[in-house]
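Take a look at the letters that make up each chain.
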Amino acid sequence: MKNDEDTVKLAVKEALLGLGERAVLPEYDSALLLSARHKGSEQDGWTEFAENFSAVSGKPMQEVTDLVEFLKEGGFGKGYCDPELKQAVGEVLVEAGLQVSYEFDHQRVDDYVFGITKASGVIAESGTVILNDEDTVDRLAALAPWVHVAVLTDQKKVFANIPQAIENLGGSSNVIWVTGPSKTADIEGILIEGVHGPGVQICLRIGEGK
Amino acid sequence: MSKSVQPIDVFARDLPRETRDAVLSSVMTRVAGRKAKLEEDYGDPDALRRLAGEVKQHTLEHLDEYLEQAEAALLKNGAKVHFASTAEDAREQVLAILNENGSKRVVKSKSMVTEEIHLNDYLEKNGVECVETDLGEFIIQIDEDTPSHIVQPIIHKNRRQVAESFEEHGLGEYNDDPQTITRRARKHLREKYLQSDAGMTGANFVSAESGRLVVVTNEGNARFGMAANGLHIALVGIEKVVPRDKDLGLFLNLLGRSATAQQLTVYTQFIKGPRSAEQPSGPEQMHVIFLDNGRSKVLASKERDILRCIRCGACLNVCPVYRQTSGHGYRAVYGGPVGAVLSPLLAGDDFPKYADLPKASSLCGACNEVCPVNIPIPELLLRLRSRANQEGIKSAGSPPMAPFAKLATSPKLWRTAMTASKAMNHLPITMMPVKPLQAWLKIRTLPKWSGGEFRRWMKERGRN
Ligand code: SF4
């Protein structure tokens, strides 16, 4: 395959030859980027996350029973759950009469109405759920079902703001920030939720130290 | 054609009322949303815009170094890196990668740069099905149309037109409810994802420090394209590089708010390389093609600042000319104020063909004021106009702006005009203080006069 590496690099070098002094990289404090609405240490991170996540149509939850109620009321009867969350979440759902599978079959992704996978963190300032490849058992399981439940088990992973979350992107080859359900305003600017990804985005916080 | 009438004016005059209304109502909502969001979150976002502009300018002026860095980081992460000089080279490289992998079905997430190289047609001709997955782009594709806005490709269409297209293409009986249309697209495109063997994206940013590609979508289509198959090809303009991960925070905060009045776009992906070993879904191979296609020439020009653009679309929304014409009036992939600068420059030897575009502006300064990377678009437009003059390129419709420029460059006169400026919002055309503008404005409207920024710009301009 033709690779124009040398040509492109040379063209860029030559383009810059005529420049006199080149613009310096401004140093700045990332605190500049914080939204005036950001509460920082004034408020506990989860509470701020929950407010902001709700503002983008996300559903924050703190009890598995709330999830059960929501799924039952919505008629979301069957779905997938990460086996590592079997005890904490899956079994509670099964007990309540919901159908839960611990295997995600790529041949029938549309059969799962909900998908329950782990969250790698949340961002309080923006109401964002963080997923990465290591914690997400299957990218499709967190994307294809109508309802996605991201389960936060590690309370240390509540990041106050975007700069902090960027500092903690870590080594994962794929990190995705999810700020609400999938949406579009392509047709006449009218907001519709649930385009390709989930129409309902939940974040459930469980475990020690809540 | 009279002296001050340009091709774009003819286009605007002949634009169906329905299209103009669709564009206008959509941009007005966006303008208001953007302003409210930025003011609510930052009070005065100017410091941030200037900072972002400086970071991007610095990057451009050190692009040789940052490109090397980005390439090295990507290679270290396990991605494959390619460079393409021209659109043709890029198309061939994409096809070669697909052929090597026996890939015949590509799902594509919205990317202006693939529009720029006319990739879809080329792939189709070479036996590869290439499906647009962004809802707006999908509609553009089935209609064999072209996008008329960087962020909202079907801004020129209303729901009835979309419903008719869906019906015509066998996607259900006529129904113009946007929710029904969206659900039908979800179903149809889901099958396409699941059958695909490659996913294509652009990139909003590339961090030279880590090699992270950032791709944002609201629909989740880029994510789906990178979950349902094993091959990811990203086509990236060389100007998309930023120095550090830290800077991604700066640009993401500005992009979401400027483009769609969101703090963050719904799905913000940070892609370093192929999927991790334990992950069952997603690309085992990641290819990044860095595209020049005229950018190095723009970099060499005095108008290089335009390469700071992060494609937020804000300058289109506020532009009085864009509002009357939609993006199609610009006859090029990039429309609006950014396109009026970028399209003639990217055209290279075809510059004369687009030399009229820089005249498609009232120089009101609104584009500069909203630009999240503070690009002095009016100044760049003036430079291109003078380049066209110097090269003796004759094109219709240069409004004689000399008196206006005189007013703008004389602090005293300008201040006087500024005091009266509020009144300009209410002045009938015939009472506009600058004669040539009167004729010119008969077929155009100025946005609400806000003043201040433009004067500072003119002052700075005088100094250079
Ligand atoms: S020129 Fe500025 S305002 Fe216009 S699209 Fe680019 S970044 Fe946005």
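As a reminder, the structure under discussion sits directly above these lines.
Residues numbered from 1 in each chain as written. Chains lettered and ligands numbered in written order. Predicted model: local features only at pLDDT ≥ 70, side-chain atom pairs only at ≥ 80, totals over all residues. Heavy atoms only, no water.

A. Fine view of the overall build of chain A. The helix and strand tally for chain A stands at five helices and twelve strands. A compact globule built from 210 residues would reach a C-alpha radius of gyration of about 17 Å, whereas chain A, at 21 Å, exceeds it by more than 25%. Considering chain A as a whole, with its 210 residues, one finds that 53% of them fall into the buried category. Partitioning the intrachain contacts of chain A with sequence separation of at least 6 by distance along the chain shows that 68% fall at a separation of at least 24. Accessible surface, chain A: about 8,800 Å² in total, of which carbon and sulfur atoms supply 47%. Positive and negative side-chain charges of chain A, numbering 18 and 34 respectively, have mean locations separated by a distance of 1 Å. (Helix = DSSP H or I, 4+ residues; strand = E, 2+ residues; numbered from the N terminus. Rg over C-alpha atoms; globule rule 2.2 N^0.38 Å. Buried < 20%, exposed > 50% of the residue type's maximum accessible area, 1.4 Å probe, protein only. Contact = heavy atoms within 4.5 Å. Areas by Shrake-Rupley, 256 points an atom, 1.4 Å probe, with all protein chains shown as cover. Lys, Arg positive; Asp, Glu negative; His and termini not counted. Charge placed at Lys NZ, Arg CZ, Asp CG, Glu CD.)

B. The arrangement of the overall build of chain B in detail. For chain B, the count of helices and strands is 24 helices and ten strands. Out of the 464 residues belonging to chain B, those deemed buried represent 65%. Accessible area for chain B stands at about 16,900 Å²; split by element, carbon and sulfur atoms hold 51% of it.

C. Highlighting the interface of chain B and chain A. Contacts between the two partners involve 99 residues from chain B, matched on the other side by 77 residues from chain A. For the pairing of chain B and chain A, the buried interface totals around 7,500 Å² over both sides, and the portion due to carbon and sulfur atoms is 56%. Of all residues in chain B, R186(B), R223(B) and F270(B) bury the most surface against chain A, accounting for 10% of the area lost on that side. Along the contact surface separating chain B from chain A lie nine salt bridges. Of the charged contacts in the structure, one is a salt bridge between E27(A) and K246(B), with a shortest N-O distance of 3.9 Å. At the boundary of chain B with chain A, the tally comes to 50 residue pairs in polar contact (both at pLDDT 80 or more). Looking at side-chain class alone, the side of chain B that touches chain A contains 40 nonpolar, 29 polar and 30 charged residues. (Buried area = accessible area lost by both parts, 1.4 Å probe. Salt bridge = Lys/Arg side-chain N within 4 Å of Asp/Glu carboxyl O. Polar contact = N/O pair within 3.5 Å; in protein donor to acceptor, adjacent residues only side chain to side chain. Nonpolar A, V, L, I, M, F, W, Y, C, P; charged D, E, K, R; others polar.)

D. Structural view of helix 2 (residues 17-42) of chain B. Residues and elements named next belong to chain B. Between the first and last C-alpha of helix 2 there are 37 Å, a value that for 26 residues agrees with the 38 Å anticipated at 1.5 Å per step. At its buried positions, helix 2 is contacted by helix 1 (7-14), helix 3 (46-61), helix 12 (245-260), helix 14 (314-318), helix 15 (320-325) and helix 18 (366-370). Of the residues trailing helix 2, G43 is marked for its positive phi of about 65 degrees. (Expected span 1.5 Å × (residues − 1).)

E. Molecular detail of the pattern of salt bridges. Applying the stated criterion across every chain, the model contains 36 salt bridges over all chains. Between E27(A) and R244(B) there is a salt bridge, with the nearest N and O atoms lying 3.3 Å from each other. Placement of E27(A) in the loop between helix 1 (5-17) and helix 2 (45-55) and of R244(B) in the loop between strand 8 (241-242) and helix 12 is noted, with the two residues assigned to different chains. Relative accessible area serves as the criterion here: at 15%, R244(B) is assigned to the buried category. Put simply, K156(A) and D154(A) hold a salt bridge, and the shortest N to O gap is 3.6 Å. Because the salt bridges share partners, they merge into one network encompassing R37(A), K37(B), E40(B), D41(B) and R257(B).

F. Quick look at the sheet that holds strand 2 (residues 105-108) of chain B. Residue and element names in this part refer to chain B. Spatially, 1-10-7-4-2-3 is the arrangement adopted by the six strands of the open sheet, whose pairing is parallel. Strands at the two margins of the open sheet, each flanked by one partner only, are strand 1 (80-84) and strand 3 (129-132). Direction aside, neighbouring strands of the sheet carry axes that sit 20 degrees apart on average. Both strand 1 and strand 10 (residues 285-291) contribute to a ladder of five bridges, which runs parallel. Directly across from A84, in strand 10, lies its bridge partner L291. Its contacts with the sheet place helix 5 (residues 87-100) against strand 1, strand 2, strand 4 (198-201), strand 7 (231-237) and strand 10, and it is angled at close to 170 degrees to strand 10. (Pairing = 2+ DSSP bridges. Axes fitted to C-alpha atoms, helices over the stretch in contact; angles between N-to-C directions.)

G. Here's a closer look at the pairing of strand 12 (residues 200-205) of chain A. Residues and elements named next belong to chain A. Burial analysis of strand 12 places six of its six residues in the buried class, which makes it a mostly covered element. Burial of strand 12 is two-sided: the residues V200, I202 and L204 facing one way and the residues Q201, C203 and R205 facing the other way are all buried. With three bridges connecting them, strand 1 (residues 59-61) and strand 12 associate as parallel partners. Bridged to M61 within strand 12 is L204. As paired elements, strand 7 (residues 147-152) and strand 12 share six bridges and run parallel to each other. Bridge pairing in strand 12 links H148 to Q201.

H. The site of the ligand, seen in detail. The environment of the ligand is formed by C309(B), I310(B), R311(B), C312(B), G313(B), C315(B), V338(B), C371(B), P372(B), V373(B), I375(B) and I377(B). For the shell around the ligand, the residue count by class is ten nonpolar, one polar and one charged. (Near = heavy atom within 4 Å.)

I. Region of the structure containing the side chain of R295(B). All names here are of chain B. With respect to the element layout, R295 can be found in helix 13 (residues 295-300). We classify R295 as buried; its relative accessible area is 2%. Within the structure, R295 has its side chain in polar contact with the side chain of E239 (distance 2.8 Å). Once residues lying within four places of it in the same chain are set aside, the contact partners of R295 are V113, E116, G237, I238, E239, L307, R311, Y334 and L346.

J. Representation of helix 12 of chain B within the structure. If you check helix 12 of chain B, its first and last C-alpha atoms are 23 Å apart, about what 16 residues at 1.5 Å a residue would give, namely 22 Å. Counting buried positions along helix 12 of chain B gives 14 out of 16 residues, so the element sits mostly inside the fold.

K. Up close: the packing of helix 16 (residues 336-346) of chain B against helix 19 (residues 377-390) of chain B. All names here are of chain B. Orientation of helix 16 relative to helix 19, taken along the N-to-C sense of each, is 40 degrees, at an axis distance of 9 Å. The angle between the axes of helix 16 and helix 19 places the two elements in the oblique class. As for the relative orientation of helix 16 and helix 19, their crossing is left-handed in sense. Side by side, helix 16 and helix 19 meet where P337, V338, A340, V341 and L345 of the first sit next to I377, L380, L381, L384 and R387 of the second. Each residue belonging to the contact of helix 16 with helix 19 can be placed in one class, and the counts come to nine nonpolar, no polar and one charged. (Parallel < 35°, antiparallel > 145°, perpendicular 65-115°, else oblique. Left-handed = near helix turned anticlockwise from the far one by under 90°.)

L. Seen up close, the environment of P7(B). All names here are of chain B. Position of P7 relative to the elements: it lies in helix 1. Among the residues examined, P7 registers a relative accessible area of 32% and is labelled partly exposed. Sequence-wise, P7 and L357 are 350 residues apart; in three dimensions their C-alpha atoms are separated by 8.9 Å.

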